[in-house]
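Coordinate analysis (summary)
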Amino acid sequence: MQARCDAGQAASAPPAGRSLADAGQFPKDPSMVFVFLFAALLVAWSLGALLLWRDTRGMSDALAWIAGLLALATAAAFGAGLVGLVRHGDWETVTTAQVLHAVFGEGSLAMRRSEWGWLNRASGVYLGLDLGWTLLALCAAQFVSIGFWSARAQRRRAMRRGRMPRG
C-alpha cells in the first residue's frame, strides 16, 4: 500500500528542474483572459457615454478618431498577416497570447489555466487568434457605442429644450 502511495506522489510531482507549468500541471486559478476581453469591450463601449455631458463639442470627433484608429490597427494587423502569407506562405501576425505576454509578463494571471476543461479550450482558441479579431471587436463596439450614446444624448437635449414630451 505504501509503494502505491509513493508512486502516486511521484507521478503528480514534477521532475527535478521543471516547474508545474512545464510538467503540464497548472494552478487551479480561473482563466482571466475573458475578463480582460470584456473589460476592454466595456471601456470601448463606455467611452461613448462621454457624449452625455452637456459640453461635448469636440467629444464626438475624438471618439470617431479613436474608432478610426482602432479600424486602422485592425487593418494593419490583417495586412501584416497577408504580407506574411504572400512573402513566406504563412499567416504571420501577432496573436492575442503574444500581446498578453508582452503586456502583463510571463506567467500572468491572464495566461493561467482553470480547472474547467471547456474554459481552457475556449481561452486557448481565443489566445491563438490573431490580435486583429480583438481589435475588430473593439472597433465595432466603439462605433456602435457612438451611435447608441449619441442618440441618447440627442433625446436628452431635446427633452431639456421641451421639444419632446416626457414619458
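What comes next is a walk through the structure. (Residues numbered from 1 in each chain as written. Predicted model: local features only at pLDDT ≥ 70, side-chain atom pairs only at ≥ 80, totals over all residues. Heavy atoms only, no water.)

**Points about the overall build of the protein**
Helices and strands together make up the secondary structure of the protein, namely six helices and zero strands. Shown N-terminal to C-terminal, the secondary structure of the protein runs as helices and strands in the order α-α-α-α-α-α. Split into buried and exposed, the 167 residues of the protein put 25% on the buried side. Considering only residue pairs separated by 6 or more positions, the protein has 73% of its internal contacts joining residues 24 or more positions apart. By element, 64% of the accessible surface of the protein is carried by carbon and sulfur atoms, the whole surface being about 11,200 Å². (Helix = DSSP H or I, 4+ residues; strand = E, 2+ residues; numbered from the N terminus. Buried < 20%, exposed > 50% of the residue type's maximum accessible area, 1.4 Å probe, protein only. Contact = heavy atoms within 4.5 Å. Areas by Shrake-Rupley, 256 points an atom, 1.4 Å probe, with all protein chains shown as cover.)

**Details of helix H5 (residues 117-128)**
Every α-helical turn comprises 3.6 residues, leaving residues that sit three or four positions apart pointing alike. With twelve residues, H5 should reach 16 Å at 1.5 Å per residue; the first-to-last C-alpha distance of 16 Å fits that figure. Looking only at H5, the buried set comprises Leu119, Asn120, Ser123, Tyr126 and Leu127. Each buried residue of H5 lies within a common arc of 130 degrees when the element is viewed along its axis, so the set occupies one face. Residues of H5 that are exposed and point over 90 degrees away from its buried face: Trp118, Arg121, Val125 and Gly128. Here the buried face of H5 lies against helix H2 (33-46), helix H4 (96-104) and helix H6 (131-161). (Expected span 1.5 Å × (residues − 1). Arc of directions from axis to C-beta.)

**Regarding the side chain of Asp130**
Among the structural elements, Asp130 can be located in the loop between H5 and H6. Within the structure, the side chain of Asp130 is placed 2.6 Å from the side chain of Thr93, a separation counted as a polar contact. Look past the residues within four positions of Asp130 in its chain and what remains in contact with it is Trp91, Thr93, Val94, Thr95 and Thr96. (Polar contact = N/O pair within 3.5 Å; in protein donor to acceptor, adjacent residues only side chain to side chain.)

**So, the packing of H2 against H5**
Close contact between H2 and H5 brings their axes to 10 Å; oriented N to C, the two are set at 55 degrees. Judged by the inter-axis angle, H2 sits oblique to H5. In this structure, H2 uses Val33, Phe34 and Leu37 to contact H5, whose residues at the interface are Leu119, Ala122, Ser123, Tyr126 and Leu127. Looking at the contact of H2 with H5 residue by residue, the classes come out as seven nonpolar, one polar and no charged. (Axes fitted to C-alpha atoms, helices over the stretch in contact; angles between N-to-C directions. Parallel < 35°, antiparallel > 145°, perpendicular 65-115°, else oblique. Nonpolar A, V, L, I, M, F, W, Y, C, P; charged D, E, K, R; others polar.)

**With respect to the side chain of Thr96**
If you trace the backbone, Thr96 turns up in helix H4. Thr96 sits in the buried class, given a relative accessible area of 5%. Not counting residues up to four positions away in its chain, the partners in contact with Thr96 are Tyr126, Leu127, Leu129, Asp130, Leu131 and Thr134.

**Some remarks on the environment of Trp53**
Of note, Trp53 is situated in the loop between H2 and helix H3 (59-88). Given a relative accessible area of 52%, Trp53 falls into the exposed group. Trp53 sits 100 residues away from Ala153 along the chain, and the two C-alpha atoms are 8.1 Å apart.

**Quick look at the environment of Leu50**
Checked against the element boundaries, Leu50 lands in the loop between H2 and H3. Note on Leu50: relative accessible area 25%, which makes it partly exposed. Spatially, the C-alpha atoms of Leu50 and Ile146 are 9.4 Å apart, while their sequence positions differ by 96 residues.

**Quick look at the packing of H3 against H6**
Contact geometry of H3 with H6 gives a least axis separation of 8 Å together with a crossing angle of 160 degrees. For the element pair H3 / H6, the angle class is roughly antiparallel. Considering the relative orientation of H3 and H6, their crossing is left-handed. Only Gly132, Trp133, Leu135, Leu136, Leu138, Cys139, Gln142, Phe143 and Ile146 of H6 make contact with H3, whose side of the interface consists of Leu63, Ala64, Ile66, Ala67, Gly68, Leu70, Ala71, Ala73, Thr74, Ala77 and Phe78. Split by residue class, the contact of H3 with H6 holds 16 nonpolar, four polar and no charged. (Left-handed = near helix turned anticlockwise from the far one by under 90°.)

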